[in-house]
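These are the residues of each chain, in order.
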Amino acid sequence: MTGPAASRSAASRPERPVVVFDLDDTLVRGDSFSRFLRMLLLRRPLRATVALTTAVVLVPLFLLPPTRRRATQGFIWLATAGVPPERFLDLVEEFAVAHTAGPRRISVALDRLQAHLDAGDRVVVATACADPLATAVCRSLGLDGVEVIAAQLRRGRHAFKAVRGCHGAAKPERLREIGVTIPVAHAYTDSAVDLPLLRAAARRCLVDPSPRALQRVRAELGEEVTVLWSAGQAGT
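Now for a quick tour of the structure. (Residues numbered from 1 in each chain as written. Predicted model: local features only at pLDDT ≥ 70, side-chain atom pairs only at ≥ 80, totals over all residues. Heavy atoms only, no water.)

## A few points about the pattern of salt bridges
Should their charged atoms come close, side chains of opposite charge can pair. Counted by the stated rule, this structure contains 10 salt bridges. A salt bridge links glutamate 220 to arginine 199; the nearest nitrogen and oxygen atoms lie 3.2 Å apart. Of this pair, glutamate 220 sits in helix H10 (residues 211–221) while arginine 199 sits in helix H9 (residues 195–199); the two residues are 21 residues apart in sequence, bridging distant segments of the chain. Its salt-bridge partner being arginine 218, residue glutamate 223 comes within 3.6 Å of it at the nearest N-O pair. Among the residues examined, glutamate 223 registers a relative accessible area of 62% and is labelled exposed. (Salt bridge = Lys/Arg side-chain N within 4 Å of Asp/Glu carboxyl O. Helix = DSSP H or I, 4+ residues; strand = E, 2+ residues; numbered from the N terminus. Buried < 20%, exposed > 50% of the residue type's maximum accessible area, 1.4 Å probe, protein only.)

Shown next as structure tokens:
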């Protein structure tokens, strides 16, 4: 069907519900990008020695928001300097497979994600983890059919550098950029850092939150927050 009739038909179809999942400690345990950088830094003795020496300067910079980005960029440079782009991608894939091994998967959230896919929902993973790692981790988790919004890296002259984040308040902004209407139907995360995302959702869900995160989110959003616990995690 083409022409005005087709346009009216397309306009009359309701949009699929949009469901947004965080990645780290929501679908897979641990900070994916930090663990990846640590692997890169420690895989060669010389690089590890330089990283440990430089950490004396860089680690304190993480304590202050104005200098946190500079510290992150410093570790990215140290971890990726001299690594050819093709080798970098190979290391990304190798790490993603190891990082998503059985015990690291958070089944209670992965099962919920699959249920949304089965229902025909549009599922987006929005994460501060950087691409191409975020996409590789999702692929290794078997998350076919999801969209990924992640922090972005760019190859510089000698190393990769971070060029755009996807953290906190940036997530709703990045969702709007891909045509998602706020509020989304559901949002899943483990962290109070994602309060901007939770506020932008009709239904909010925390996955295995720490007591501090749960307290902060409940203080901000009241009791209209569902908590998903993995076996043995409830109340911890």
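This is not the end of the story, as more comes after the structure.
## Concerning the layout of surface pockets
When its volume is computed, the largest pocket comes out at roughly 1200 Å³. In this structure, the largest pocket is lined by 40 residues; those nearest its centre are Asp31, Ser34, Thr72, Ala128 and His167. If you list the elements that add at least two residues to the lining of the largest pocket, you get helix H2 (32–42), helix H3 (45–61), helix H4 (65–80), strand E2 (122–131), strand E3 (147–155) and strand E4 (160–164). The greatest single-element share of the lining of the largest pocket, amounting to 7 residues, is contributed by H4. Tallied by class, the residues present in the lining of the largest pocket amount to 20 nonpolar, 9 polar and 11 charged. Lining the second largest pocket, in full, are Asp190, Ser191, Ala192, Val193, Asp208, Pro209, Ser210, Arg212, Ala213 and Arg216. Among the residues making up the lining of the second largest pocket, the classes are represented as 4 nonpolar, 2 polar and 4 charged. (1 Å grid on protein atoms, 1.4 Å probe; cavity = no way out; pocket = protein on both sides within 12 Å on 5 of 7 lines; lining within 4 Å. Points joined across faces, edges and corners; volume = space filled by probe spheres on them. Nonpolar A, V, L, I, M, F, W, Y, C, P; charged D, E, K, R; others polar.)

## So, the pairing of strand E1 (residues 18–21)
Of the two faces of E1, the one lined by Val18 and Val20 and the one lined by Val19 and Phe21 are each fully buried. Of the pairings in the sheet, the one linking E1 to strand E5 (residues 184–189) comprises 3 bridges and is parallel in character. Counterpart to valine 19 in the pairing with E5 is histidine 186. (Pairing = 2+ DSSP bridges.)

## Here we look at the packing of aromatic side chains
Enumeration according to the criterion identifies 5 aromatic pairs in this entry. Taken together, the ring pairs connect Phe33, Phe36, Phe88, Phe95 and Phe160 into an aromatic cluster. (Phe/Tyr/Trp six-rings, centres within 6.5 Å; stacked < 30°, edge-to-face > 60°.)

## Let's talk about the nonpolar core
Counting residues in each nonpolar core, the largest one holds 46 residues, and the members touching the most others are Leu23, Leu27, Phe33 and Phe36. In contact with phenylalanine 36, not counting residues within four places along its chain, are Phe88, Leu91, Val92, Phe95 and Leu133. Formed by 21 residues, the second largest nonpolar core is a distinct cluster that contains Ala126, Val184, Leu197 and Leu214. (Core = buried A, V, L, I, M, F, W, Y, C linked by side-chain atoms within 4.5 Å. Contact = heavy atoms within 4.5 Å.)

## Some words on the packing of H2 against H4
Where H2 contacts H4, the axes come no closer than 8 Å and their chain directions differ by 45 degrees. Classified by the angle their axes make, H2 and H4 are oblique. Classified by chirality, the crossing of H4 by H2 is left-handed. Facing Phe33, Leu37, Leu40 and Leu41 of H2, the residues of H4 in contact are Phe75, Ile76, Leu78, Ala79 and Thr80. Here the residues of the contact of H2 with H4 sort into 8 nonpolar, 1 polar and no charged. (Axes fitted to C-alpha atoms, helices over the stretch in contact; angles between N-to-C directions. Parallel < 35°, antiparallel > 145°, perpendicular 65-115°, else oblique. Left-handed = near helix turned anticlockwise from the far one by under 90°.)

## Remarks on the state of the cysteines
For the coordinates displayed, the defined rule picks out 0 disulfides. With no disulfide of its own, cysteine 138 has cysteine 129 as its nearest cysteine by sulfur position, at a separation of 8.3 Å. Owing to a relative accessible area of 2%, cysteine 138 belongs among the buried residues under this scheme. Of all cysteine sulfurs in the structure, the one in cysteine 129 sits closest to cysteine 166, which takes part in no disulfide; the separation is 10 Å. (Disulfide = S-S within 2.5 Å.)

## Comments concerning helix H7 (residues 133–140)
By the burial criterion, the buried members of H7 are Leu133, Ala134, Ala136, Val137 and Cys138. On the buried face of H7, the contacting elements are H2, helix H5 (85–99), E2 and E3. Taken from the residues just after H7, glycine 142 is the one with a positive phi, measuring 80 degrees.

## Looking at the pairing of strand E6 (residues 201–207)
Taking burial as the measure, the 7 residues of E6 include 5 buried ones, the bulk of the element. Pairing analysis gives 5 bridges linking E5 to E6, with the strands arranged parallel. Paired with histidine 186 across the strands is arginine 203, a residue of E6. Handedness of the crossover joining E6 and strand E7 (residues 225–228) through H10: right-handed. (Right-handed = clockwise from strand over helix to strand, strands pointing away.)

## Structural notes on the sheet that holds E4
The strand order across the open sheet built from 7 strands is E4-E3-E2-E1-E5-E6-E7, with neighbouring strands paired in mixed fashion. Across the chains shown, the open sheet's two edge strands, defined by having one partner strand only, are E4 and E7. Pairwise comparison of adjacent strand axes, ignoring direction, gives a mean angle of 25 degrees for this sheet. Where helix H6 (residues 107–118) meets the sheet, it contacts E1, E2, E5, E6 and E7, and its direction lies at approximately 160 degrees from that of E1.

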